[in-house]
Amino acid sequence: MKKLLAVILAVVLALSVTTLVACQPTADINVGILQVATHTALDGARQGFKEVVQAWADEVGKTVAFHEQNANGDPNNETTLAQTLVAQNHDLLLGIATSSAQALYSNTQSIPVLYTAVTNPAVDLAGLGTIQGVSDMNPVAQQIQLVKTVVEAMHPEKETIKLAFVFNGSETNSLEQVNLAKAECARLGGFTTVDVTASSSNDIATALASNQMQAVDCIYVPTDNLMAENMNIIYAYSTPNNIPVICGESGMCDAGEGTATFGIDYYLLGQQVGEMAIEILEGKTLDNPNQFYTRQCEFFINEENALAMGMTQTQIDQIKDAFQGE
Amino acid sequence: MLKIENLTKIFNVGETTEKTALNNVSLTLEEGDFLTIIGGNGAGKSTLLNCISGVLSVDNGTISLDGEDVTHLAEYKRAKYVSRVFQNPLDGTAGGMNIEENLALAFRRGKKRGLGWGITKEERVLFHKLLSETGLGLESLMAQKVSTLSGGQRQSLALIMAVLVQPKILLLDEHTAALDPKTAKTVLELTQKFTKDSKFITIMVTHNMNDAIKIGNKLVMMNQGNVVFQASGQEKQNLKVVDLISKFSEVGAELNDRILLNS
Amino acid sequence: MAQFLNASVGGISLGLIWGVLAVGVYLTYRILDFADLTVDSSLATGGVVTAVLIANGCTPILALLASCLAGSCAGLITALLNTKLKIPAILAGILTMSALYSINLKILGNRANVSFFGKPTINGYWADLFNLSLIDDKNVLSIITCVIVCSAVVGFLYWFFGTEFGCSVRATGFNSTMAKAQGINTDLTKIVCLMISNGLAGLAGGLLAQHNQSGDVNMGTGTIVIGLASVILAETVIRDRFSFWLKLALVVLGSVAYRLIFTFAVQMGMHTNDLKLVATAIIVIALTVPLIKKKIAHKKLKGGLNNVKN
């Protein structure tokens with residue numbers, strides 16, 4: 001008797017659950033989004049993407065539902081979530097960051113997949129068939145020029161600038177940016193560089209405390225996922241030591257204590273890939289499936305911090321003029 | 001032949017708890033000898049057995065078996081020559097495996113274990129035959145897990161396993177102490193049956209002075225790591241329990257309740 | 001509804017891959033009675049070895065064998081730390097696991113991951129044979145691969161633990177005092193068992209890497225929890241009288257069940273942040289099942305006795 005009741009209860013529960021799920025209102029358009037982890041840049045891209053697609057949907061009078069998943073940095077989660085999104089058979093999928101894009105592309109050939117926030121898609125998404133999206137390769141050369149300008153303003157007497165690259169040695173996109181940065185340093189001349197690497201948040205403080213960091217004039221942090229989540233550790237070192245920090249993108253500077261950046265606006269990046277999505281949802285093929293970020297790069301300087309580091313207001317204004325014009 | 005010369009074992013060297021468990025103990029035993037060892041707590045009886053079997057390392061002295069020096073031979077290698085029955089019935093058998101598997105393990109003691117089958121059909125037949133000869137009824141439980149057996153049954157099994165492949169030395173460390181009197185008697189009878197006319201050396205530690213006198217042909221009393229009294233042959237058979245008790249007080253050994261009540 | 005089925009296929013394929021690992025955990029945790037934490041890293045080692053080899057042109061099967069070998073080397077290290085240097089089991093496992101993280105990064109060439117999209121994987125054989133799509137039917141292909149691998153693994157272990165040496169390994173786990181007294185070299189049995197178990201972890205890592213077509217240094221995080229959960233789930237149905245191969249097969253199914261519960265949870269809209277909580281809840285429930293059974297049996301007995309009294 002008891003067993004029978006238990007079985008009946010279980011069946012009723014299962015049925016009600018399935019009906020509940022099935023009864024969710026279906027939208028005209030379903031878009032799946034997979035993001036590797038949470039930080040300002042990736043969130044900004046997602047925001048920009050959603051707003052552009054939503055605006056278009058409202059215009060043409062359709063409903064759109066976004067199915068968002070975040071892997072929280074766990075590669076096993078990422079696989080499961082990618083499989084889930086593919087199984088849900090959406091109209092379009094967006095992968096934000098390299099590993100998410102890889103996970104989506106390797107699980108479906110039939111659903112259109114867009115990538116964004118992938119620094120070097122030609123290399124990192126090679127072999128996955130046809131890829132389309134917007135890369136977030138940032139203007140590294142100009143960022144190094146910004147380094148030179150800021151340090152010269154602070155220490156006009158110096159002949160060589162010692163520049164420390166702080167990044168996660170295991171992220172290929174960071175390595176690529178650092179190599180580009182070194183090329184620009186060589187071209188401009190007057191730089192000595194050191195690589196300060198860490199592969200997990202526990203190692204960052206130790207790396208910063210090493211001998212290499214002695215007499216460093218400036219820190220450059222590329223758009224590195226690990227560092228982006230841990231900028232506070234870097235600032236805990238740089239601020240007391242009066243070292244300016246030039247970041248790969250403004251989200252990392254926004255944390256309050258970065259000095260300056262000239263970089264990609266990830267919100268606009270999201271909008272750019274959103275526009276590609278609209279074309280695909282309208283059934284068109286893209287003329288330019290693999291784009292680089294084409295919008296205006298954003299200049300940002302933290303004036304309070306710059307003044308505290310010893311720059312004068314005139315110098316700050318000069319830098320602003322030089323970079324804001326571009 | 002077992003020859004133990006100047007065996008010394010000290011625990012916790014250099015600390016406040018330092019204790020000399022064996023102090024220059026020497027002993028010689030011939031094939032077929034059955035030695036009983038008695039003594040108070042901390043006399044060094046179990047330590048002696050553990051040194052002979054290789055569980056404990058020795059600090060000084062030698063142990064040689066048939067002329068071969070085995071003092072520093074690893075325990076598992078020494079098991080080829082030395083088999084043991086522990087005081088705790090749970091220690092001598094693998095509870096999660098069944099009787100025939102335990103016997104199969106014992107059957108391979110001292111041999112290299114390769115990738116042949118863990119137990120063969122012929123072995124099953126042999127084990128069945130051996131078990132029925134002991135009259136304990138274990139042959140009908142061969143496929144049963146050892147953990148379901150009683151303490152007495154497990155200890156009997158451990159004893160059978162110890163003599164399945166003839167050793168050179170059989171060590172019995174108070175192997176009936178954890179059993180009820182009736183079962184203890186059964187196991188002791190089984191012990192005598194297996195060791196009668198045997199070619200191996202048996203050493204039995206016991207707290208029961210009656211058994212110590214009646215069983216075996218040699219007796220040794222230990223106290224504080226030393227051999228304080230020895231007897232063999234007729235002299236041993238003629239001993240009375242009161243003699244032994246007075247010997248205990250002579251050497252200043254402590255008589256505990258177990259010894260007195262068990263005798 | 002179709003969604004669930006689709007997602008379940010994915011869950012089953014991953015569950016079978018992790019099933020290989022679960023069997024390895026069963027060997028150390030249950031049979032050898034050794035709490036081995038090395039698997040978190042030995043699985044990743046297997047994965048990155050496969051990734052690097054295939055990216056450089058190696059055949060998929062050879063890469064899998066290499067992963068298995070790499071995993072067993074990891075097991076060897078832990079075993080040596082424990083048997084020769086007398087380091088306690090759990091600590092030995094943790095030490096090897098930590099050291100392997102750096103080694104895994106080195107294997108990857110100081111990067112966090114290596115992908116090999118477009119290169120041949122073991123699934124490719126069935127894709128050609130059955131005319132299936134490598135990507136769209138990836139889960140079905142992985143299921144075929146894993147059913148074959150799991151059967152081979154269970155078959156091998158069933159044979160191995162029936163041999164003399166295999167029995168001595170089991171004896172070591174049940175009662176190492178007795179094993180030594182029976183002339184068994186317990187150091188050797190521990191070493192061999194740990195090598196096999198971590199070899200299986202490496203194999204699972206290789207299969208996972210081929211499924212994802214990439215090897216990541218963090219792919220092994222939480223492996224021991226997954227393995228233990230699968231074993232515990234399986235043990236709610238395993239009975240002593242079951243034959244060994246059946247027990248192993250149930251462990252694999254336990255892993256599949258565990259993965260399906262996750263898939264179900266995510267399909268139901270559960271947030272990924274809560275997945276770890278779900279995992280713990282599953283394990284706790286599975287562990288209390290025997291307790292509840294006892295209570296029910298006891299109540300039945302009491303009820304029966306009361307009836308007799310009356």
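Caption draft 1: Local environment of the interface of chain C and chain A. Each partner contributes to the interface: chain C provides 40 residues, whereas chain A provides 31 residues. Carbon and sulfur atoms supply 52% of the area buried between chain C and chain A, which totals about 2800 Å² over both sides. Interface area lost by chain C to chain A is led by Phe117(C), Ile135(C) and Thr272(C), which between them contribute 22%. At the boundary of chain C with chain A, the tally comes to zero salt bridges. At the junction of chain C with chain A, the criterion picks out 11 residue pairs in polar contact (both at pLDDT 80 or more).

Caption draft 2: Quick peek at the packing of aromatic side chains. The full count for this structure, using the stated rule, is 10 aromatic pairs over all chains. Consider the rings of Phe160(C) and Phe161(C), whose centres lie 5.1 Å apart with planes at 85°: the pair is edge-to-face. This pair shows no difference in class: Phe160(C) is buried, exactly as Phe161(C) is. An aromatic cluster is defined as three or more aromatic residues linked by ring pairs; in this entry it consists of Phe156(C), Trp159(C), Phe160(C), Phe161(C), Phe165(C) and Phe244(C). Lying across the ring of Phe107(B), Lys111(B) places its NZ or CZ 4.8 Å from the centre.

Caption draft 3: View of the environment of Gln145(A). All names here are of chain A. By secondary structure assignment, the location of Gln 145 is in helix H6 (residues 140-154). Sequence-distant contacts of Gln 145, defined by excluding residues within four places in its chain, comprise Glu 184, Arg 187, Leu 188 and Phe 323. At a separation of 3.1 Å, a polar atom in the side chain of Gln 145 contacts the side chain of Glu 184.

Caption draft 4: Expanded view of the sheet that holds strand E4 (residues 60-65) of chain B. Residue and element names in this part refer to chain B. A sheet is described by the order of its strands in space; here four strands give the open sequence E2-E1-E4-E5, paired in antiparallel fashion. At either margin of the open sheet sits one strand with a lone partner, and together these are strand E2 (19-29) and strand E5 (68-69). Alignment of strand E1 (residues 2-11) against E2, held across seven bridges, turns out to be antiparallel. Looking at E2, one finds that Lys 9 is bridged to Leu 22. Together, E1, E2 and E4 form the strand contacts of helix H1 (residues 45-53), whose direction differs from that of E1 by roughly 115°.

Caption draft 5: Region of interest: the sheet that holds strand E2 (residues 64-70) of chain A. Residue and element names in this part refer to chain A. The sheet built from six strands is open, its strands ordered E2-E1-E3-E4-E5-E11 with parallel pairing. With partners counted over all chains shown, the strands left at the sheet margins are E2 and strand E11 (290-292), one partner each. Adjacent strand axes in the sheet meet at a mean angle of 15° when their direction is disregarded. With seven bridges connecting them, strand E1 (residues 29-35) and E2 associate as parallel partners. Looking at the pairing, Gln 35 lines up with Asn 70 of E2. Its contacts with the sheet place helix H4 (residues 98-105) against E1, strand E3 (92-96), strand E4 (113-118) and strand E5 (132-135), and it is angled at close to 165° to E4.

Caption draft 6: Looking closely at the pairing of strand E12 (residues 298-301) of chain A. All names here are of chain A. The alternating pattern of E12 places Phe 299 and Ile 301 on a buried face and Glu 298 and Phe 300 on a face that is not buried. The pairing of strand E10 (residues 260-264) with E12 spans four bridges and is classified as antiparallel. What sits directly across from Gly 263, in E12, is Glu 298.

Caption draft 7: Geometry of the packing of helix H10 (residues 223-235) of chain C against helix H11 (residues 244-267) of chain C. All names here are of chain C. At their nearest, the axes of H10 and H11 sit 7 Å apart, and the two run at 115° to each other. The angle between H10 and H11 falls in the class roughly perpendicular. The handedness of the crossing between H10 and H11 comes out as right-handed. Facing H10, whose interface residues are Val 225, Ile 226, Ala 229, Ser 230, Val 231, Leu 233 and Ala 234, H11 presents Leu 250, Val 251, Gly 254, Ser 255, Ala 257, Tyr 258 and Arg 259.

Rules and cut-offs
- Residues numbered from 1 in each chain as written.
- Chains lettered and ligands numbered in written order.
- Predicted model: local features only at pLDDT ≥ 70, side-chain atom pairs only at ≥ 80, totals over all residues.
- Heavy atoms only, no water.
- Contact = heavy atoms within 4.5 Å.
- Buried area = accessible area lost by both parts, 1.4 Å probe.
- Salt bridge = Lys/Arg side-chain N within 4 Å of Asp/Glu carboxyl O.
- Polar contact = N/O pair within 3.5 Å; in protein donor to acceptor, adjacent residues only side chain to side chain.
- Phe/Tyr/Trp six-rings, centres within 6.5 Å; stacked < 30°, edge-to-face > 60°.
- Buried < 20%, exposed > 50% of the residue type's maximum accessible area, 1.4 Å probe, protein only.
- Lys NZ or Arg CZ within 6 Å of the ring centre and 35° of its normal.
- Helix = DSSP H or I, 4+ residues; strand = E, 2+ residues; numbered from the N terminus.
- Pairing = 2+ DSSP bridges.
- Axes fitted to C-alpha atoms, helices over the stretch in contact; angles between N-to-C directions.
- Parallel < 35°, antiparallel > 145°, perpendicular 65-115°, else oblique.
- Left-handed = near helix turned anticlockwise from the far one by under 90°.

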